[in-house]
Amino acid sequence: MKKEMKRVSVVVLAMFVALFISTSVIQVFQADSLAADPRNSRTLYDSYRTERGPILAGDTVIAQSVATGDRYAFERQYPEGELYSAVTGYFNPTQGSSGVERSMNDLLSGTSNLQFLDEINRIISGQPPKGAAVQVTIDPAVQQAAYDALGDLQGSVVAIEPSTGRILAMVSKPTYNPNALSGNDSTEVISNYNTLLEADGDPLINRTISGDLNPPGSTFKLVVATAAFETGDYAPETQLPNPSSYTLPGTNTTVYNSGRGQCGGGGDTVSISDAIRYSCNIPMAELGIKLGDDLIREAAERYGFNEDLSIPMAVEKSVYPQVLDTPQTGLSAFGQSDVRATPLEMAMVSAGIANDGELMKPGLIDEVTGRNLEVLQSFEPSVLETTSSADTADAVTQAMVASVSSGAATNATIDGVSVAGKTGTAENGTGDPYTLWFTGFAPADDPQVAVAVVIEDGGGRGQDGSGNALAAPVAKKVLEAVLNG
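Residues numbered from 1 in each chain as written. Predicted model: local features only at pLDDT ≥ 70, side-chain atom pairs only at ≥ 80, totals over all residues. Heavy atoms only, no water.

## Quick look at the UniProt feature "domain: Penicillin binding protein A dimerisation" (unreviewed entry) in the protein chain
When the UniProt feature table is mapped onto this chain, "domain: Penicillin binding protein A dimerisation" (unreviewed entry) is found at residues 52–134. A helix fraction of 33% and a strand fraction of 25% characterise residues 52–134, whose end C-alpha atoms lie 11 Å from each other. (UniProt positions renumbered as here; feature names shortened; annotations may be inferred. Helix = DSSP H or I, 4+ residues; strand = E, 2+ residues; numbered from the N terminus.)

Below, the structure is given as structure tokens:
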């Protein structure tokens, strides 16, 4: 009898240990992934009865849950939906989510591992379930300035604090109203979603970090200059041949400068600094071929090209191709061929230069707080990559300052402020509208903000628009909003 009791006791003990281990593994290691699994119907039902946490930008509530009094209990609302849609995204328990709503869903819905003790306390105290509050890094004044400056143009704006990587503005147009996708009437939400899918300009795409990426055009010359100066074989004053046309080696493809003349008004040679200042294609193509695609790729990857990135929304990779022949390398040196970049990526290029060659990891989240205002998660600045030496960053900065003060980017000039900038007017194919760019930072000697602006579809001007004419004035407004804030 004693032996049988012992056997039963061992079996019961083993079952208890197995149960303890399995529940611990689920709670500690698998809770977040299970909560994020779209097949998890319990999460879906919980999301109906949970007061989802708010999303805030400064003191501004940009997403909140409000009681509906119906069987769903709550509904998500976005007080300034169109202004912040690229940040918040939308949330609907049955139809999906995007933006911060999606990437921070476990904390907003109160299902994160970080909220385990809070959940126990809530159950004991009998409090209703409530998600955490997410504070984003967006500055409402800068966001509004970027939104207003972009107007009705199709494109996007990203502004970053170079010393920390905090994202101050993120605007994508055309925009949409996330309230149209957050209601509890599924039929209406599906109809609204389908309407947005078919709308001109794909408003559901967040152009700041995803979508059909654009060639960065001449803004990419900043990366090539970094690659050149880091070798120690080239300096800002290094001279390059200055013809009015240049046939890429082994091809019949001819490259021209803007205006189809020599760079900087003439001369047999032109410096790298002036090639950037006047945004000349031919000397940069010559320089790119001398450097080779490997050195350019290495510099590009230090700035974040070809790398996965999360802010915490997943960012589509910007691309510098893995294999380029000599003519393609020449084209890539002024941001053509198959080079592609997000606006966030080009803002990162300026931010790295502005921060003396230290590129900070960009991020959109400042802090997450629980129901009792306890801090569950906070943003800590960290270096993503050392892109160059401080001397190289300073050399590129000086060329960018010259570009704004007396070169190809003069429409970004701000009275009394030294602005560093670079324009881009990227080609997309014969007869297709250009993509117009500006990236830069200010003040050049004490950078507070780095910005990138992209305007698609030629800004409505086909091939007559330019980065200086349309993108630089938008960037100027964003820079002023930070400096005057």
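## Some details on the sheet that holds strand β17 (residues 375–378)
The strand order β3-β2-β1-β6-β16-β17 describes an open sheet built from six strands, whose pairing is mixed. The two strands at the open ends of the sheet, each matched to only one other strand, are β3 (74–77) and β17. Within the sheet, the average angular offset between the axes of one strand and its neighbour, ignoring direction, is 20°. Across three bridges, strand β1 (residues 55–57) lies against strand β2 (residues 60–67) in antiparallel orientation. Across the sheet, residue A57 finds its bridge partner in β2, namely T60. Sheet strands in contact with helix α3 (residues 81–88) are β1, β2 and β6 (133–136), and its direction is about 90° off that of β2. (Pairing = 2+ DSSP bridges. Axes fitted to C-alpha atoms, helices over the stretch in contact; angles between N-to-C directions. Contact = heavy atoms within 4.5 Å.)

## A word on the packing of helix α9 (residues 221–231) against helix α11 (residues 281–291)
Where α9 contacts α11, the two axes come as close as 10 Å, and the packing angle between them is 45°. Here α9 is positioned oblique relative to α11, judged by the angle of their axes. Seen from above, α9 lies across α11 with left-handed handedness. Here α9 contributes K221, V224, A225, A227, A228 and T231 to the contact with α11, which in turn contributes N281, M284, L287 and L291. (Parallel < 35°, antiparallel > 145°, perpendicular 65-115°, else oblique. Left-handed = near helix turned anticlockwise from the far one by under 90°.)

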